[in-house]
Amino acid sequence: MSAHSSNGSHDREKGLAVQDSTVTTADDAPEDALVKRYGRLGPLLARLFASGVEARGVERVPEDQREKKNMWNNLLMWWSVNTVLTTIPIGTLGQAFFALTLPHAIATILCFGALGGVATAFISTLGPQTGLRTMIITRFSSGYVGGTIYSILNILTQLGFSVTAVILGGQTLASVNPGTLPLVVGIIIIGILSLIPCFVGYHLVHYYERYAWIAIFVIIMFLWGLGGHAGFDIGAQRPLEDSGRALSADILSFGGIVFGSFTGWAPIAADYNCRLPADTPSSKVFVLTFFGLWIPICFVEILGAALVTISDPAYVQAFADGSTGGLVAQVLAPWGGFGKFLLVLLGLSVVANNIPNTYSAGLAMQSLGRPFALVPRFFWTLLAFVIYTVAGVAGRAHFSEILSNFLSILSYWTAFFVVVVAEEHFLFRRVGGPLGGYNLDDWDRPGRLPTGIAGVLAGCFGVAGAVVGMSEVWYTGPVAKDAGAEFGADLGFELAAAFAAVTYPPLRWLEIRLTGR
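Definitions and cut-offs
- Residues numbered from 1 in each chain as written.
- Predicted model: local features only at pLDDT ≥ 70, side-chain atom pairs only at ≥ 80, totals over all residues.
- Heavy atoms only, no water.
- Helix = DSSP H or I, 4+ residues; strand = E, 2+ residues; numbered from the N terminus.
- Rg over C-alpha atoms; globule rule 2.2 N^0.38 Å.
- Buried < 20%, exposed > 50% of the residue type's maximum accessible area, 1.4 Å probe, protein only.
- Phe/Tyr/Trp six-rings, centres within 6.5 Å; stacked < 30°, edge-to-face > 60°.
- Lys NZ or Arg CZ within 6 Å of the ring centre and 35° of its normal.
- pLDDT = per-residue confidence, 0-100.
- Contact = heavy atoms within 4.5 Å.
- Salt bridge = Lys/Arg side-chain N within 4 Å of Asp/Glu carboxyl O.
- Expected span 1.5 Å × (residues − 1).
- Arc of directions from axis to C-beta.
- Core = buried A, V, L, I, M, F, W, Y, C linked by side-chain atoms within 4.5 Å.

**Here's the deal with the overall build of the protein chain**
A tally of regular secondary structure across the protein chain gives 21 helices and two strands. By the compact-globule yardstick of 24 Å for 517 residues, the protein chain fits well, its C-alpha radius of gyration being 23 Å. Each of the three principal axes of the protein chain carries a C-alpha extent, and together these read 70 × 55 × 35 Å. Burial analysis of the protein chain (517 residues in total) assigns 60% to the buried set.

What follows is the structure, encoded as structure tokens:
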């Protein structure tokens with residue numbers, strides 16, 4: 001089978017299939033298709049779309065509808081998304097769960113963060129090249145069924161991120177004046193504020209995220225200054241830190257959590273630049289996205305690692321009683337009323353972090369298959385809001401446990417997901433490769449997409465690698481046991497990536513030989 005459609009021309013420079021015929025109505029004008037589809041509800045939908053609510057869901061963005069105006073949001077959006085309160089507790093886990101000293105925690109964050117940043121930045125380069133959302137792109141490596149499986153995993157990922165975000169934001173708002181604002185109300189406030197721009201859609205999301213980082217970055221600098229004044233104790237964890245194999249196990253396990261905090265954005269990275277022109281330089285997208293992730297995440301996670309080294313009993317007790325939210329409140333306490341105002345802003349900063357979770361969870365639900373894509377995007381966004389808000393209220397007393405276990409498991413599947421997509425892109429879709437490019441017209445044609453057998457099997461091998469290498473409270477794999485000391489070393493994401501990387505190329509080569517696609 002040809003690497004490009006029979007009614008299209010192939011741009012060998014880009015390695016992409018370029019359409020020279022009219023695109024489908026759903027791709028070209030999704031609002032018209034939805035209005036016609038829903039009959040009596042059509043006029044209501046038409047008014048919603050006319051008011052600015054985004055109609056386009058997972059449909060491909062045609063080249064003639066692309067725009068350059070959000071290019072710098074490849075950096076600024078991710079800067080806003082991660083310069084938030086939610087990033088701080090990830091850094092605290094190095095000491096709270098693994099008893100690492102501050103220097104070891106910092107080195108782990110920087111190194112494993114760079115690995116995760118590279119993975120996510122690569123995925124982001126595919127948005128402008130294809131005009132497709134991230135979960136739809138997976139269909140070109142893992143087929144329609146494999147894309148559906150990834151969509152399910154992505155839904156769980158984004159909802160999990162949202163649960164931790166609304167809980168932490170609610171905790172922080174509730175801690176401003178203890179006893180006046182119930183935690184449940186704080187969680188609901190964060191959820192509603194996150195929903196509004198996501199309901200409206202792509203352009204409002206980009207507008208908000210372009211500027212949200214500014215005030216919060218200043219507050220983060222205040223936290224660094226106030227924390228330093230309270231006294232960072234670089235050697236605070238030294239008596240508790242392990243040595244030898246146990247220390248390496250702690251670093252690997254914490255590194256997996258850090259890696260997951262970066263690659264958690266990989267399954268949605270192309271959702272926010274698929275409207276950029278197809279000729280946008282991939283190198284520019286990669287560099288902007290990488291530094292938009294690596295600088296703020298490392299900067300804020302290291303802040304979290306530093307804050308828990310403060311040995312003042314008041315700060316230690318605040319962390320014990322109120323986790324990260326209580327510790328941050330204590331750091332700002334010397335500034336009195338102004339400190340409480342900053343605490344409110346920090347609590348609300350979680351909204352910037354939760355917006356992409358909410359928006360992309362709706363897109364992932366549409367990506368489950370054609371029947372789901374026929375339902376308007378904003379409906380799935382509303383459903384995602386309801387699910388994570390209810391889950392946040394139910395799990396509000398177990399934030400640290402949810403965060404630690406969720407991020408560890410998250411790094412496993414995102415590792416083999418990135419590997420499969422990358423090998424498909426560089427080995428099989430490259431110019432001069434077996435397929436020579438992407439037939440972008442086929443994004444919703446199961447019979448023209450890969451069967452998905454190779455992608456699904458490689459993913460299964462990736463799961464096997466994660467199982468033998470993972471180290472969790474509730475399970476430790478045989479390789480993890482041998483690599484670590486008492487609790488094992490978490491090698492889940494490394495082995496998940498390695499198993500998928502080794503198995504996908506031969507399986508995909510065989511699939512192409514037998515099916516031609």
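**As for the packing of aromatic side chains**
A complete count under the given rule lists 31 aromatic pairs for this structure. Centre to centre, the rings of Phe161 and Trp265 are 5.3 Å apart; their planes meet at 5°, and the pair counts as stacked. Taken as a pair, Phe161 in helix 8 (residues 139-176) and Trp265 in the loop between helix 12 (244-263) and helix 13 (282-307) lie far apart in primary sequence, 104 residues in all. Pairwise contacts between aromatic rings join Trp79, Trp213, Phe217, Trp224, Phe232 and Phe299 into one cluster. The side chain of Arg275 reaches across the aromatic face of Tyr202, ending 4.8 Å from its centre.

**Some words on the confidence of the model for the protein chain**
Averaged over the protein chain, the pLDDT score is 87; the fraction of residues at 70 or greater is 92%. Note that residues 1-15 has pLDDT below 50 and, in this model, 44 contacts with residues that lie over four places away or in other chains. Across residues 17-24, where pLDDT falls below 50, the model places 19 contacts with residues more than four positions away in sequence or in other chains.

**With respect to the environment of Val328**
Looking at the element boundaries, Val328 is found in helix 14 (residues 313-332). Judged by relative accessible area, Val328 falls into the buried class, the value being 0%. For the pair Val328 and Val58, spaced 270 residues apart in the sequence, the C-alpha separation amounts to 39 Å. Aside from chain neighbours lying at most four places away, what touches Val328 is Leu85, Ile88, Leu223, Leu343 and Leu346.

**Quick word on the pattern of salt bridges**
Applying the stated criterion to the full structure yields 11 salt bridges. The salt bridge partner of Glu63 is Arg60, with a shortest N-O separation of 2.5 Å. In this structure, the salt-bridge partner of Asp444 is Arg139, at a minimum N-O distance of 3.2 Å. Linking Asp444 in the loop between helix 18 (399-428) and helix 19 (453-469) with Arg139 in helix 8, this pair joins segments that are 305 residues apart in sequence. Classification of Arg139 by relative accessible area gives buried; the value is 2%. Here the residues in one salt-bridge network are Glu54, Arg133, Arg275 and Arg377, joined through shared partners.

**Here's the deal with helix 17 (residues 377-394)**
Helix length check: helix 17 (18 residues) gives 26 Å between terminal C-alpha atoms against 26 Å at 1.5 Å per residue, within 8%. For helix 17, the set of buried residues is Arg377, Phe378, Trp380, Thr381, Ala384, Phe385, Tyr388, Thr389 and Gly392. Axial view of helix 17: buried residues confined to an arc of 165°, hence all on one face. For helix 17, exposure combined with an orientation more than 90 degrees from the buried face picks out Val390 and Ala394.

**Some thoughts on the nonpolar core**
With 119 residues, the main nonpolar core has Leu223 and Phe417 as its most contacted residues. In terms of residues, this core owes the most to one element, helix 8, which gives 13 residues. Not counting residues up to four positions away in its chain, the partners in contact with Phe417 are Ile123, Thr134, Met135, Thr138, Tyr150, Ala266 and Pro267. By size, the runner-up hydrophobic cluster in this structure holds seven residues, among which are Met71, Trp79, Leu276 and Leu288.

**Section: the side chain of Thr92**
Within the secondary structure, Thr92 is located in helix 5 (residues 88-96). In this structure Thr92 touches Gly304, Ala305, Val308, Phe319 and Thr324, once residues within four positions along its chain are discounted.

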